[in-house]
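One-letter residues, chain by chain:
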Amino acid sequence: MAFPLKLPFPPMEALSVDDVPTGAEWQYEPKWDGFRCLIFRDGAKVELQSKSGRPLTRYFPEVVAAAKALPMQPFVLDGELVVPEGRAFSFDALLQRIHPAASRIARLAQETPALVVVFDLLAEAKGALVDRPLRERRPRLETFARKNFRAGGLFRLSPATTRLSDAKGWLKRVGATLDGIIAKRRDEPYRSGERAAMQKIKNYRSADCVVGGFRYNEGKPVVGSLLLGLYDDDGLLHHVGFTSTIKASDKPALTKKLEKLIAPPGFTGNTPGGPSRWSTERSAEWQPLKPKLVVEVCYDHFSGGRFRHGTRLLRWRPDKSPKQCTMDQVKQKKADLMRLLG
C-alpha cells in the first residue's frame, strides 16, 4: 500500500497535568504506557512498525494473526501495544517480547498476549486519511472499530472526549497507573510528534526517597547524581533509581555534606551496579551513604522495582524519617486501566 508517512516520529516533551490545553478545538485521549505501533495490512500482508521505524512484526505474532482476521482491509492503524497484567498493563512484560529467540516469542505470545489500543485510522480502502483533520478521522475510526473489533479481542478502541472534565476523570477512575493524557487538535491533519497539533500531558507523581548513595560528576570532584532508595516490608533499603537535577551552584556544599556521611553498605537490598538493562560502564562507581537524608522527587512511572526514567529533585525533606520512605508510595493501588477500554 502506498502510504505517505514519514518516520521516525520525533520524541515529544511532556507538559504537566496543570498545563492541559483547553478549547473546542481540542480532543483528549488517555496516554497509554506501551510501545507505539503502526499496523499496516494489505491483503494477507501485515506489518507492525514502531514510531522510530523499527519493525515489530516478528515480536507479536498474535497481533499479526488478529490483524489478518479483521474483516475490512486494507488499512493503516495507529495505536499502542500493551500487555495486560490483571487490570493494569505491564511494561516489563512488554519488554520481554523484544527477544531474538522465536521459541520464546511464541511462548510469550500465548502466555502474555498483547493488546493494541487503537487511537487513529490513517488509511483505509478508499485511500490515505493523514491529510484529513482529526474531527473527520475519529468518526471513521469509530465506524471501523464498530465493524471490525470484536468484544474481548486483541484490538481495542481508545476512548476520546472533547470534555476536559472527562479526561481528568480518567485519572481519578484508574489511579496513578494511567500514564497521562494526550491532547490533539481536532482541526489538524495527522502530524505525529508536532507540539502544535498534539501535546502530551504526563501524570507525574512524587515520592519521598532515602539518599542511599551518590555518584561524582565524571571528571569532577562534585556530586553528579543522588542514588535513591525505598524500604520494603522487611526493612531492606532497595536502590530504585537516581536524580541528577542538582543545581550547579549547590553541588560544592552538597558534596561536602554527602562526603561526611559516606559509609557502607548504603543499600541493604538491591544495589546499584547489579545486572540489569540499566547498567552502564560507570554503574559500580558510587559512594554508599548512611541512610540519613530524604528527598522528594518527581517521577513519571515506576515498574520492575525502579523508576523507569531519571527523576526530578523537588525538595529536601529534613522533616521526614528515612524509615517512612517505603515502597507503599509507589505501589499501584488502583490499577484498573481495563475499565477505560470497555
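Look up: the structure comes first, before these words.
Everything quoted here is computed from the prediction, not taken from an experiment. (Residues numbered from 1 in each chain as written. Predicted model: local features only at pLDDT ≥ 70, side-chain atom pairs only at ≥ 80, totals over all residues. Heavy atoms only, no water.)

> Where do I start with the overall build of the protein in this structure?
Across its full length, the protein holds 6 helices and 20 strands. Residues classed as buried in the protein amount to 51% of the 342 residues present. Restricting the contact set of the protein to residue pairs at least 6 apart, pairs at least 24 apart contribute 71%. In the form shown here, the protein has an accessible surface area of approximately 16600 Å², with 50% of it arising from carbon and sulfur atoms. (Helix = DSSP H or I, 4+ residues; strand = E, 2+ residues; numbered from the N terminus. Buried < 20%, exposed > 50% of the residue type's maximum accessible area, 1.4 Å probe, protein only. Contact = heavy atoms within 4.5 Å. Areas by Shrake-Rupley, 256 points an atom, 1.4 Å probe, with all protein chains shown as cover.)

> I tried to follow the side chain of E296 on my own but got confused; where do I start?
Its location among the elements puts E296 in strand β17 (residues 294-299). Residue class for E296 comes out buried when judged on its relative accessible area of 11%. A distance of 2.4 Å separates a polar atom in the side chain of E296 from a polar atom in the side chain of R315. The residues contacting E296, other than those within four sequence positions of it, are S206, A207, D208, R312, L313, L314, R315 and R317. (Polar contact = N/O pair within 3.5 Å; in protein donor to acceptor, adjacent residues only side chain to side chain.)

> How should I be thinking about the packing of aromatic side chains in this particular structure?
Aromatic rings considered in pairs are described by the distance between their centres and by the relative angle of their planes. Scanning the model with the defined rule gives 9 aromatic pairs in all. Taking 5.7 Å as the distance between ring centres and 90° as the angle between the ring planes, the aromatic pair formed by F35 and F91 counts as edge-to-face. You can see F35 sitting in strand β3 (residues 35-42) and its partner F91 sitting in helix α2 (residues 91-95), a full 56 residues away along the chain. Both residues of the pair, F35 and F91, belong to the buried class. On the basis of an interplanar angle of 85° and a centroid distance of 6.0 Å, the ring pair of F144 and F149 is categorised as edge-to-face. We note that F144, like F149, is buried. Aromatic ring contacts, followed pair by pair, group F75, F144, F149 and F155 into a single cluster. (Phe/Tyr/Trp six-rings, centres within 6.5 Å; stacked < 30°, edge-to-face > 60°.)

> What is the right way to look at helix α4 (residues 134-148) in this model?
Think of an α-helix as turning once every 3.6 residues; residues three or four places apart then point the same way. The terminal C-alpha atoms of α4 lie 20 Å apart, and with 15 residues this matches the ideal 21 Å at 1.5 Å per residue to within 8%. Within the span of α4, buried status applies to L134, R137, R138, L141, F144, A145 and N148. Burial along α4 is one-sided: seen end-on, the buried residues are contained in an arc of 125°. Away from its buried face, by an angle of more than 90 degrees, α4 presents the exposed residues R146 and K147. (Expected span 1.5 Å × (residues − 1). Arc of directions from axis to C-beta.)

> Sorry if this is basic, but what is going on with unusual backbone geometry here?
Leaving glycine out, the prevailing phi sign among residues is negative, and the prevailing peptide bond configuration is trans. Put simply, Q73 and P74 share a cis peptide bond, and its omega is 5°. Here P74 lies in the loop between α1 (61-69) and β5 (75-82). The linkage connecting P264 with the following residue, P265, adopts the cis geometry, with an omega of 10°. Inspection of the secondary structure assignment puts P265 in the loop between α6 (251-259) and β16 (287-288).

> Looking at this structure, I do not really get the pairing of strand β15 (residues 237-243). What am I missing?
In the case of a regular strand, side chains alternate between the two sheet surfaces. In terms of residue burial, β15 counts as a mostly covered element, since 6 of its 7 residues are buried. Once strand β14 (residues 223-231) ends, the chain turns through 5 residues before running back antiparallel as β15, passing G235 with a positive phi of about 85°. (Pairing = 2+ DSSP bridges.)

> What am I meant to see in the environment of Y190 here?
Along the polypeptide, Y190 turns up in the loop between β11 (180-185) and β12 (198-202). On the accessibility criterion, Y190 (13% relative accessible area) is buried. For the pair Y190 and D120, spaced 70 residues apart in the sequence, the C-alpha separation amounts to 9.0 Å. Among the polar contacts listed, one links the side chain of Y190 to the side chain of D78, at a separation of 2.5 Å.

> Is there a simple way to explain the state of the cysteines in this structure?
A covalent bond between the sulfur atoms of two cysteines is what we call a disulfide. Enumeration over the complete set of coordinates arrives at 0 disulfides. C325 supplies the cysteine sulfur nearest to C209, a cysteine that is in no disulfide, at a spacing of 6.5 Å. (Disulfide = S-S within 2.5 Å.)

> What should I look at first to understand the pattern of salt bridges in this one?
A complete count under the given rule lists 16 salt bridges for this structure. One salt bridge connects E47 with K45, and the closest N-O pair in it is separated by 3.2 Å. Relative accessible area serves as the criterion here: at 35%, E47 is assigned to the partly exposed category. Overall, K45 belongs to the exposed group, its relative accessible area being 53%. Between E124 and R140 there is a salt bridge, and its shortest N-O distance comes to 2.3 Å. Separated by 16 residues along the polypeptide, E124 in strand β8 (residues 115-124) and R140 in helix α4 bring together distant segments of the chain. Among the charged side chains, a salt-bridge network with shared partners connects D208, E296, R315, R317 and K320. (Salt bridge = Lys/Arg side-chain N within 4 Å of Asp/Glu carboxyl O.)

> Is there a simple way to explain α1 in this structure?
Turning to α1, its buried residues number three or more, namely E62, V63, V64, A66 and A67. Lining the buried residues of α1 we find β3, β4 (45-50), β5, α3 (102-111), β8 and β10 (155-157).

> How should the environment of A66 be read in this particular structure?
Mapped onto the secondary structure, A66 falls in helix α1. C-alpha separation for the pair A66 and L115, spaced 49 residues apart in sequence, amounts to 9.8 Å.

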